[in-house]
Amino acid sequence: GFVTAPWQVIALNGMVFGIGAGLAAPPPVGVMLTRRFPNRTGFANAATITGLALEQLVIIAGLSLVLADAGWRAVFIWLGIANHTLVPFIFWALQERADTAVARPEVLPTLDHSGHLKDAIFLAFNQCQAICGFKDFFVSTHVVAFVPDLGIGTLISENLLAFLGFARLLGVLAAGVWSDQSGPAAPTLFSFFLRVAIFLLIFFSKDQFSIANFLLLYGFTF
């Protein structure tokens, strides 16, 4: 909120925030949840990730209403204060509880991960994750600029991004329940096919109805 030069934005948002977001991303959080809820891993991860969806639905929609009057600097300061108020709750949540923690062996086996880097299935999965990560951040970053370029109002584009979060909430919960019942392969495969279809949709049709459908269905696969 107090930056005065572009390099400060790159350093703070591109590096400091990037490191923090990576450390608190779904993979390490998923490991903690798997240990805490070993029998309902899919649903536990899904319920937690819905926080990201609620953020898009509630916070982005709310901020878009005050952004024009308050200015972006004030919004970033409010978000910074909000993040710091959560720190004590995070420390409390990270403490293991005797009644829920999974027993771990005192001596962990030595693991050799070098073989994984030569495994075709692991490499294919890694490439799929890279493609998904690129698409997720590409859409989230550029859609608010893309939609006004097509003649649709900025407020509508911001609200569409918020409703993407609502669709994401529904999709993540559905995938979590589905994963607990049949394993993660089926919902993952379904999401890939759906994404191919909706990217083809937006490639050939860019009217307001198609864009809205694209964002809602894309959010469902997030």
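The coordinates are above.
Note that this is a predicted model, so its numbers are computed, not measured.

Rules and cut-offs
- Residues numbered from 1 in each chain as written.
- Predicted model: local features only at pLDDT ≥ 70, side-chain atom pairs only at ≥ 80, totals over all residues.
- Heavy atoms only, no water.
- 1 Å grid on protein atoms, 1.4 Å probe; cavity = no way out; pocket = protein on both sides within 12 Å on 5 of 7 lines; lining within 4 Å.
- Points joined across faces, edges and corners; volume = space filled by probe spheres on them.
- Helix = DSSP H or I, 4+ residues; strand = E, 2+ residues; numbered from the N terminus.
- Core = buried A, V, L, I, M, F, W, Y, C linked by side-chain atoms within 4.5 Å.
- Buried < 20%, exposed > 50% of the residue type's maximum accessible area, 1.4 Å probe, protein only.
- Contact = heavy atoms within 4.5 Å.
- Salt bridge = Lys/Arg side-chain N within 4 Å of Asp/Glu carboxyl O.
- Patch = residues over 30% accessible without salt bridge, like charges linked within 9 Å, V, L, I, M, F, W, Y side chains within 5 Å.
- Areas by Shrake-Rupley, 256 points an atom, 1.4 Å probe, with all protein chains shown as cover.
- Expected span 1.5 Å × (residues − 1).
- Bend = angle between axes of the 7 residues up to and from the residue.
- Axes fitted to C-alpha atoms, helices over the stretch in contact; angles between N-to-C directions.
- Parallel < 35°, antiparallel > 145°, perpendicular 65-115°, else oblique.
- Left-handed = near helix turned anticlockwise from the far one by under 90°.
- Nonpolar A, V, L, I, M, F, W, Y, C, P; charged D, E, K, R; others polar.
- Phe/Tyr/Trp six-rings, centres within 6.5 Å; stacked < 30°, edge-to-face > 60°.

**Description of the layout of surface pockets**
Size it by volume and the second largest pocket reaches roughly 280 Å³. Contributing to the lining of the second largest pocket are 13 residues, with F138, F146, F199, I202 and F214 lying nearest its centre. Listing elements by their share of the lining of the second largest pocket, those giving two or more residues are α5 (120-149), α7 (185-204) and α8 (208-220). No other element matches the seven residues that α5 contributes to the lining of the second largest pocket.

**Brief notes about the nonpolar core**
One broad trend across soluble globular proteins is that nonpolar side chains are buried collectively. Counting 15 residues, the largest nonpolar core has V139, V143, I211, F214, L215 and Y218 as the members making the most contacts within it. Listed by contribution, the elements that provide at least two residues to this core are α5, α6 (154-182), α7 and α8. Residues within four places of V143 in sequence aside, it is in contact with F138, P148, L161 and L215.

**Topic: the pattern of salt bridges**
Taken as a whole, this structure holds one salt bridge when the rule is applied. With a closest N to O distance of 2.8 Å, D136 and R195 form a salt bridge. Of the two residues, D136 sits in helix α5 while R195 sits in helix α7, which places them 59 residues apart along the sequence. For the pair formed by D136 and R195, the shared burial category is buried.

**As for a nonpolar patch on the surface**
A cluster of nonpolar residues, F163, F166, L170, W178, F190, L216 and F220, forms a patch on the protein surface that exposes about 620 Å² of accessible area. Counting residues per element, the ones that place at least two in the nonpolar patch are α6 and α8. Turning to its location among the elements, L170 is positioned in helix α6.

**With respect to helix α4 (residues 72-94)**
Taking 1.5 Å per residue as the helical rise, α4 with its 23 residues ought to reach 33 Å, and the 32 Å between its terminal C-alpha atoms agrees with that figure. At V87, α4 is deflected by roughly 35°, the largest bend along its length, and proline P88 occurs up to four residues later in sequence.

**Looking at the packing of α7 against α8**
Contact geometry for α7 and α8: axes closest at 10 Å, N-to-C directions at 165°. The angle between the axes of α7 and α8 places the two elements in the roughly antiparallel class. Judged by the sense of rotation from one axis to the other, the crossing of α7 with α8 is left-handed. Touching F190, L194, R195, I198, F199, L201 and I202 of α7 are S210, I211, N213, F214, L217, Y218 and F220, all from α8. Tallied by class, the residues present in the contact of α7 with α8 amount to 11 nonpolar, two polar and one charged.

**A closer look at the environment of G42**
For G42, the position within the fold is in helix α3 (residues 41-70). Placed 170 residues apart in sequence, G42 and A212 show a C-alpha to C-alpha distance of 29 Å. For G42, the contacting residues outside a window of four places in its chain are G176 and D180.

**Quick look at the packing of aromatic side chains**
Within this structure, the stated rule accounts for eight aromatic pairs. Between the aromatic rings of F199 and F214, the centroid separation amounts to 5.4 Å while the plane-to-plane angle is 80°, which identifies the pairing as edge-to-face. Pair noted here: F199 is in helix α7 and F214 is in helix α8, with a separation of 15 residues, a long-range link. In this structure F199 comes out as partly exposed when scored by relative accessible area, which is 28%. Seen from their ring centres, Y218 and F222 are 5.9 Å apart, and the 90° between their planes marks the pair as edge-to-face. The rings of F199, F214, Y218 and F222 are connected pair by pair, giving a single aromatic cluster.

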